[in-house]
Amino acid sequence: TNDEMMLYFIQYTLGAPLITSTAEEMAHKYNLLVAPNPFTSQISINYSVKGNQEVKFELTDMLGKVMTTENVGYVTEGQHVTSISADHFNMAPGIYLLKTTIGNDQMVTKVVKTAY
């Protein structure tokens, strides 16, 4: 799919480790939801984990420049929400990539920042 091709391109350019799950599998496995998308100033990432898992989010522009990293650390089993505010990073409207790492699984989600 196009998402998988984008993922392999990102892995190649950013040197990320090989992904063990497809984006759809990981989204389903962790009940992952990124909303709103598109967003103006803040996105919320809803996810659930089974057992204790280490969680990290990294927001980059399309060239791989890291805008912010949210290292949540180890979370307990259950539903969680992490918010990322774009107001602090002077992000221009455009397409960004949100890399989600939960345990050994990684996934990249395309998010769109709008002006309004």
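Please refer to the structure placed before this passage.
Residues numbered from 1 in each chain as written. Predicted model: local features only at pLDDT ≥ 70, side-chain atom pairs only at ≥ 80, totals over all residues. Heavy atoms only, no water.

Enquirer: Help me understand the overall build of the chain in this model?
Expert: Within the chain, the regular secondary structure consists of two helices and seven strands. Overall, the chain shows an N-to-C arrangement of helices and strands of α-α-β-β-β-β-β-β-β. Here the chain holds 116 residues, and 41% of them are scored as buried. Residue pairs in contact within the chain that sit at least 24 positions apart in sequence constitute 56% of those at least 6 positions apart. Within the structure as shown, the chain displays about 6,900 Å² of accessible surface, and the carbon and sulfur contribution to it stands at 53%. (Helix = DSSP H or I, 4+ residues; strand = E, 2+ residues; numbered from the N terminus. Buried < 20%, exposed > 50% of the residue type's maximum accessible area, 1.4 Å probe, protein only. Contact = heavy atoms within 4.5 Å. Areas by Shrake-Rupley, 256 points an atom, 1.4 Å probe, with all protein chains shown as cover.)

Enquirer: Help me understand the sheet that holds strand 6 (residues 94–102), please; the structure alone is not making it clear to me.
Expert: In sheet architecture, strand pairing relies on hydrogen bonds along the backbone and comes in two forms, parallel and antiparallel. Reading across the sheet, the four strands line up as 4-3-6-7 and stay open at both edges, with antiparallel pairing between neighbours. In the strand order of this sheet, the two ends are held by strand 4 (66–75) and strand 7 (105–113), each with one partner. Neighbour-to-neighbour, the strand axes of the sheet open up by a mean angle of 15 degrees, direction not taken into account. Here nine bridges tie strand 6 to strand 7, and the two strands are oriented antiparallel to one another. Across the sheet, residue Thr 101 finds its bridge partner in strand 7, namely Gln 106. (Pairing = 2+ DSSP bridges. Axes fitted to C-alpha atoms, helices over the stretch in contact; angles between N-to-C directions.)

Enquirer: Looking at this structure, I do not really get the pairing of strand 7. What am I missing?
Expert: Across the nine residues that make up strand 7, a large majority, seven, are buried. A loop of two residues connects strand 6 with strand 7, the two strands running antiparallel in sequence, and Gly 103 in this loop sits at a positive phi of about 60 degrees.

Enquirer: Help me understand the side chain of Thr 60 in this model?
Expert: Counting through the fold element by element, Thr 60 comes out in strand 3 (residues 53–61). On the accessibility criterion, Thr 60 (4% relative accessible area) is buried. If sequence neighbours within four positions are ignored, Thr 60 has contacts with Lys 65, Val 66, Met 67, Tyr 96 and Leu 97.

Enquirer: Teacher, can you tell me more about unusual backbone geometry here?
Expert: Each neighbour pair has its own omega, and for Ala 35 with Pro 36 the value is -10 degrees, a cis peptide bond. The residue Pro 36 is located in the loop between strand 1 (33–35) and strand 2 (42–49) in this model. The residue after Asn 37, namely Pro 38, is reached through a cis peptide bond having omega 15 degrees. Counting through the fold element by element, Pro 38 comes out in the loop between strand 1 and strand 2. If you check the backbone angles, Asn 90 has positive phi at about 50 degrees while not being a glycine. Looking at the secondary structure, you find Asn 90 in the loop between strand 5 (78–85) and strand 6. Overall, Asn 90 belongs to the exposed group, its relative accessible area being 74%.

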